[in-house]
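Residue strings, one per chain:
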Amino acid sequence: MDLSYTEEEQEFRARLRAWLAKVLPELPAKPSADDWPGRRRYDLGWQRRLYDAGYAGLHWPVDAGGRGATPTQHLIFLEETERAGAPYVGANFVGLLHAGPTIAAEGSAGQRARWLPPVLRGDEVWCQGFSEPGAGSDLASLRTRAVRDGDDYVVTGSKIWTSHAEVADWCELLVRTDPEAPKHRGISWLALPMDAPGVTVRPLRTLAGSAEFAEVFLDEVRVPVANRVGAENDGWRVTMVTLSFERGTAFVGEVVACRRTLGELARAARANGRWDDPVLRRRLGRLYGEFGALWRLTQWNVSEAQRTGGVPGTGGSVFKLAYSHARQELYEAAAEVLGAGSLALEEEWVRERLSSLSYTIAAGTSQIQQNIVAERILGLPKGR
């Protein structure tokens, strides 16, 4: 991993910084946190601006519609957009960070041509239909059935914690296509149109008061066989590709955001007198070191994904495990710096604090990540 910048990369940074300075003041006001139709329009409007300027799918392969940028250019893009306070992927995160990269890696030429350009242009939103009420951490226990009927699958079952289902056009859906096979071998990965007859969406309200998740009920929904990514019953392998993106590179922008937040906390502590507490200073200093190390690990993961053809490896589990706990501690420190009274007034801090509690569960629990690290990286025997 080369951490130095070439002249070309420095020029790329300068052009991007100038473009952000020009375009960000032109953006409309951001909708409220609970206005998901409004946030969809806002997020996709930003995606369209990126597309028109040539920054959409910057690190995607050229044959998938991206620019084929180097890992370093990708990281520069994340650094500069976060530094400038630009919008993040928002409602489009499943399409841009999970489903899109999976289709780019595993889809047919026709599937790539159909689904990737609308994601990059900001025309369509995807959601993730993986977890079920009885299949969360043990995802392979899913029971949503897909029965082949000619050129269609007839899908019946339910999903939970389906991200942005209420505003999505498509869903990356895991289904059981062979109930007699071992549980990891009878699964297929389908692209479900969310407007298909038989699809019912019921939003779920989180502890933070938002409703970016939903339950999805599937009552004999017909999904074309052509919408299957990968071979029938090979969906678990395809899912591991999706999860490697989710754990390995999808959080990279958030690491930059957390480093910025840490700087804001340090300034707040100096302003309100909390900086005089040596214990707090040590805590913030240790977090500074942890997020610095996470950024270096991010650089390594992105570089490794590029080297291996675009799919992150198991090192993503190391990152996700460390990042989840560091983020929680960051917002515990925020409560200490700002105090209960300030937190009651700062809605964004409260929302981020509550959101941080979910990170040791979302995208695979910390216990699952520990197992992956132990078995697949350290080579330890499987637990009984």
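Rules used throughout
Residues numbered from 1 in each chain as written. Predicted model: local features only at pLDDT ≥ 70, side-chain atom pairs only at ≥ 80, totals over all residues. Heavy atoms only, no water. Helix = DSSP H or I, 4+ residues; strand = E, 2+ residues; numbered from the N terminus. Buried < 20%, exposed > 50% of the residue type's maximum accessible area, 1.4 Å probe, protein only. Contact = heavy atoms within 4.5 Å. Areas by Shrake-Rupley, 256 points an atom, 1.4 Å probe, with all protein chains shown as cover. Polar contact = N/O pair within 3.5 Å; in protein donor to acceptor, adjacent residues only side chain to side chain. Expected span 1.5 Å × (residues − 1). Salt bridge = Lys/Arg side-chain N within 4 Å of Asp/Glu carboxyl O.

**Comments concerning the overall build of the protein chain**
Secondary structure assignment for the protein chain yields 11 helices and 8 strands. Within the protein chain, the proportion of its 384 residues that are buried is 51%. Within the protein chain, contacts between residues at least 6 apart in sequence are counted, and of these 73% link residues at least 24 apart. Accessible surface, the protein chain: about 17800 Å² in total, of which carbon and sulfur atoms supply 52%.

**Some remarks on unusual backbone geometry**
The residue Trp-161 is not glycine, and still its phi comes out positive at about 55°. Inspection of the secondary structure puts Trp-161 in the loop between β3 (152-159) and β4 (170-176). Its identity as a non-glycine residue notwithstanding, His-164 has a phi of 60°, on the positive side. With respect to the secondary-structure elements, His-164 resides in the loop between β3 and β4.

**Thoughts on the side chain of Thr-144**
Along the polypeptide, Thr-144 turns up in the loop between β1 (126-129) and β2 (145-149). Overall, Thr-144 belongs to the buried group, its relative accessible area being 1%. Of the polar contacts made by the side chain of Thr-144, one reaches the side chain of Glu-132; its length is 2.7 Å.

**Comments concerning helix α2 (residues 36-53)**
Look at α2: 25 Å from first C-alpha to last across 18 residues, which is about the 26 Å you get at 1.5 Å a residue. Along α2, the residues classified as buried are Trp-36, Gly-38, Arg-39, Arg-40, Tyr-42, Asp-43, Leu-44, Trp-46, Gln-47 and Leu-50. The inward-facing, buried residues of α2 contact α1 (7-23), α3 (71-83), α4 (93-106) and α5 (109-121). Where α2 begins, the side chain of Asp-35 points an oxygen toward the backbone nitrogen of Gly-38, at a separation of 3.0 Å. Gly-54 sits one or two residues past α2 and shows a positive phi near 85°.

**Examining the pattern of salt bridges**
Pairing is possible between side chains of opposite charge, provided their charged atoms come close. Applying the stated criterion across every chain yields a total of 26 salt bridges. Of the charged contacts, one joins Glu-124 and Arg-114 as a salt bridge, the two residues approaching to 3.1 Å between their closest N and O atoms. With Glu-124 in the loop between α5 and β1 and Arg-114 in helix α5, this residue pair connects regions lying 10 residues apart in the sequence. Overall, the relative accessible area of 14% leaves Glu-124 in the buried class. Given a relative accessible area of 36%, Arg-114 falls into the partly exposed group. Across the pair Glu-232 and Arg-148 runs a salt bridge whose closest N-O atoms are separated by 3.8 Å. Taken together, the residues Glu-232 in the loop between β8 (228-229) and α6 (235-248) and Arg-148 in strand β2 connect sequence positions 84 residues apart. Take Glu-232: its relative accessible area is 32%, and that puts it in the partly exposed class. Given a relative accessible area of 47%, Arg-148 falls into the partly exposed group. Among the charged side chains, a network of salt bridges with common partners joins Arg-274, Asp-277, Arg-283, Arg-286, Glu-290, Glu-329, Glu-332 and Glu-336.

By themselves these figures say nothing about function.
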